[in-house]
Number of protein chains: 2
Amino acid sequence: MSRKVIELFYDVVSPYSWLGFEVLCRYRNVWNMELKLRPAFLGGIMQASGNKPPAMVPNKGLYMAKDLNRLASYMNVPLRHPSDPFEVMFNKGSLPAMRFITAVAEKEKDGGRLLENVSREVWKRIWSTDQDICEPASLSEAGLKAGLSSSEVEELLGLSKSQPIKDKLKQTTQEAINYEAFGFPFVVCHIDGKPQVFFGSDRFELMAYCIGEKWLGPQPDKPTSNL
Amino acid sequence: MSRKVIELFYDVVSPYSWLGFEVLCRYRNVWNMELKLRPAFLGGIMQASGNKPPAMVPNKGLYMAKDLNRLASYMNVPLRHPSDPFEVMFNKGSLPAMRFITAVAEKEKDGGRLLENVSREVWKRIWSTDQDICEPASLSEAGLKAGLSSSEVEELLGLSKSQPIKDKLKQTTQEAINYEAFGFPFVVCHIDGKPQVFFGSDRFELMAYCIGEKWLGPQPDKPTSNL
């Protein structure tokens with residue numbers, strides 16, 4: 001059986017993307033798959049699809065806060081709400097962060113472990129420790145924690161402002177739009193040459209069914225506690 | 001351990017509600033719970049919460065059609081899309097059907113098996129065999145299939161037009177609004193005297209974790225095929 005290619009389109013501004021990212025990273029060696037992390041820009045997806053942030057409906061916003069807390073506990077992801085989610089998500093946004101992460105993706109030739117680690121460190125800042133992700137110093141700190149050297153961080157920060165990296169982020173976002181994405185996380189499973197798409201961090205059991213794998217809960221190394 | 005009360009607010013116009021309904025009905029005797037079926041009016045929820053039908057975002061509508069097909073297959077629910085979903089969901093709607101189902105709920109004193117069967121037969125018409133659910137003859141046919149006698153159906157059709165039944169449907173809808181519902185299915189689990197709410201048909205694994213029960217997949221009588 002050849003390994004299935006599974007692409008995960010995500011943006012660190014999206015807390016549900018973090019949950020989906022951690023679950024798929026945990027399944028890297030559990031499912032017979034090649035996981036491709038695809039950092040993209042959620043703002044571009046929302047604009048292209050005409051979708052609106054769910055919290056625009058007040059009851060949905062209240063629910064999501066509770067839902068995220070429960071899911072984070074169940075999935076064992078240290079997610080905590082920033083003190084001012086509106087400011088963080090809509091005013092400050094994630095454009096510099098996603099350009100930096102795109103530079104990491106471009107620089108790293110294969111495997112994606114560095115991309116995984118940098119993405120996680122940036123997520124921890126915005127969605128766990130309530131720290132900035134827009135300033136170069138913030139991204140530098142995340143990069144160092146992820147295992148980059150000071151000189152690598154400097155190079156990537158420079159790259160992240162270059163036209164090729166800006167274009168690459170646009171291109172990845174366009175690829176998600178081409179798959180008819182309307183939000184993140186957005187997962188594309190390539191099965192028998194056909195793409196099957198899944199939105200959200202709540203379709204893994206269904207995804208397992210569709211790709212012929214087993215769902216062992218969000219912590220596959222501790223399946224008995226979940227099932 | 002005392003039985004947990006779990007309330008399911010639903011409307012037959014909602015296909016995701018049907019999936020959630022079938023899963024919870026299958027768990028009636030698997031989880032230590034008292035399942036309370038709460039037929040309500042989705043139109044009232046959408047208006048009160050300011051929510052919009054998801055298919056208003058075209059990519060979301062395209063995705064939902066595929067998502068529902070896959071989920072129906074996985075969950076073993078014979079869901080099929082009506083030929084004109086817009087006409088069925090937004091022009092014709094479910095008000096007469098939900099009043100009829102409310103009359104069944106009011107007439108039946110406890111257990112809810114008749115309510116379960118009638119709801120399912122109405123769902124089959126709108127979301128499986130593409131048949132009308134607005135005309136009295138349509139509801140009558142569903143009621144007969146669900147095991148009601150002709151005279152019971154006649155009585156319930158009469159009741160469904162009465163003010164007390166109209167008021168009861170409004171009241172149940174208002175109860176869902178009081179729990180900050182913004183769509184259906186909406187599940188309220190009463191745990192240690194506190195309500196915990198779950199939106200959608202994709203939170204059962206999380207729900208099991210929250211209420212201290214085991215998730216055995218959408219077909220708990222066939223767990224090995226799912227896990």
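Thresholds, definitions, all that
Residues numbered from 1 in each chain as written. Chains lettered and ligands numbered in written order. Predicted model: local features only at pLDDT ≥ 70, side-chain atom pairs only at ≥ 80, totals over all residues. Heavy atoms only, no water. Pairing = 2+ DSSP bridges. Helix = DSSP H or I, 4+ residues; strand = E, 2+ residues; numbered from the N terminus. Axes fitted to C-alpha atoms, helices over the stretch in contact; angles between N-to-C directions. Contact = heavy atoms within 4.5 Å. Buried < 20%, exposed > 50% of the residue type's maximum accessible area, 1.4 Å probe, protein only. Least-squares fit on C-alpha atoms with pLDDT ≥ 70 in both. Buried area = accessible area lost by both parts, 1.4 Å probe. Salt bridge = Lys/Arg side-chain N within 4 Å of Asp/Glu carboxyl O.

Engineer: Got a minute to help me understand the sheet that holds strand 4 (residues 194–199) of chain A in this structure?
Structural biologist: What links the strands of a sheet is backbone hydrogen bonding, and the strands pair in either a parallel or an antiparallel sense. All names here are of chain A. If you walk across this open sheet you meet the 4 strands as 2-1-3-4, and the pairing is mixed. Here the strands that pair on one side only, and so sit at the sheet edges, are strand 2 (33–39) and strand 4. Neighbour-to-neighbour, the strand axes of the sheet open up by a mean angle of 20 degrees, direction not taken into account. In terms of strand pairing, strand 1 (residues 4–10) meets strand 2 through 7 bridges, oriented parallel. When the sheet's bridge partners are listed, glutamate 7 is paired in strand 2 with lysine 36. The strands that helix 5 (residues 95–107) touches are strand 1 and strand 2; relative to strand 2, the one it contacts most, it runs at about 140 degrees. Relative to strand 2, helix 9 (residues 163–178) is tilted by about 120 degrees, and along the sheet it contacts strand 1 and strand 2.

Engineer: Honestly, the side chain of B:Ser17 in this entry has me stumped. Any pointers?
Structural biologist: Residues and elements named next belong to chain B. Along the polypeptide, serine 17 turns up in helix 1 (residues 15–26). Given the relative accessible area of 0%, serine 17 is considered buried. Not counting chain neighbours up to four residues away, the residues in contact with serine 17 comprise Tyr10, Asp11, Trp123, Phe184 and Pro185.

Engineer: Any chance you could explain the relation of the copies chain B and chain A here in plain terms?
Structural biologist: Mapping one chain copy onto the other needs a rotation about an axis and a shift along that axis. Rotating chain B by 180 degrees about the axis while translating it 0.0 Å along that axis superimposes it on chain A, leaving an RMSD of 0.0 Å. Overall, the copies show the geometry of a two-fold rotation axis. If distances are taken from each C-alpha of chain B to the rotation axis, the shortest is found for B:Asp202, at 3.1 Å. The overlap is high: 100% of the interface residues of chain B also sit at the interface in chain A, so the same surface is used on both sides.

Engineer: For this particular structure, what's the right way to read the interface of chain B and chain A?
Structural biologist: It is common to report an interface's size as the accessible area lost on association of the parts. Taken together, the contacts link 34 residues of chain B with 34 residues of chain A. With both sides pooled, the region where chain B packs onto chain A buries about 3,300 Å², and carbon together with sulfur makes up 54% of that total. For chain B, the biggest contributors to the area lost against chain A are B:Tyr63, B:Arg70 and B:Glu205; these three give 19% of the whole. The interface formed by chain B and chain A includes 6 salt bridges.

Engineer: Would you explain the pairing of strand 3 (residues 186–191) of chain A in this entry?
Structural biologist: Each regular strand carries side chains that alternate between the two faces of the sheet. Residues and elements named next belong to chain A. Of all 6 residues in strand 3, 5 are buried; the element is thus mostly enclosed. Bridge count for strand 1 against strand 3 is 5 bridges, and the pairing is antiparallel. Paired with leucine 8 across the strands is valine 187, a residue of strand 3. Counting the residues between successive antiparallel strands, the hairpin from strand 3 to strand 4 contains 2 residues, one of them, aspartate 192, with a positive phi of roughly 50 degrees.

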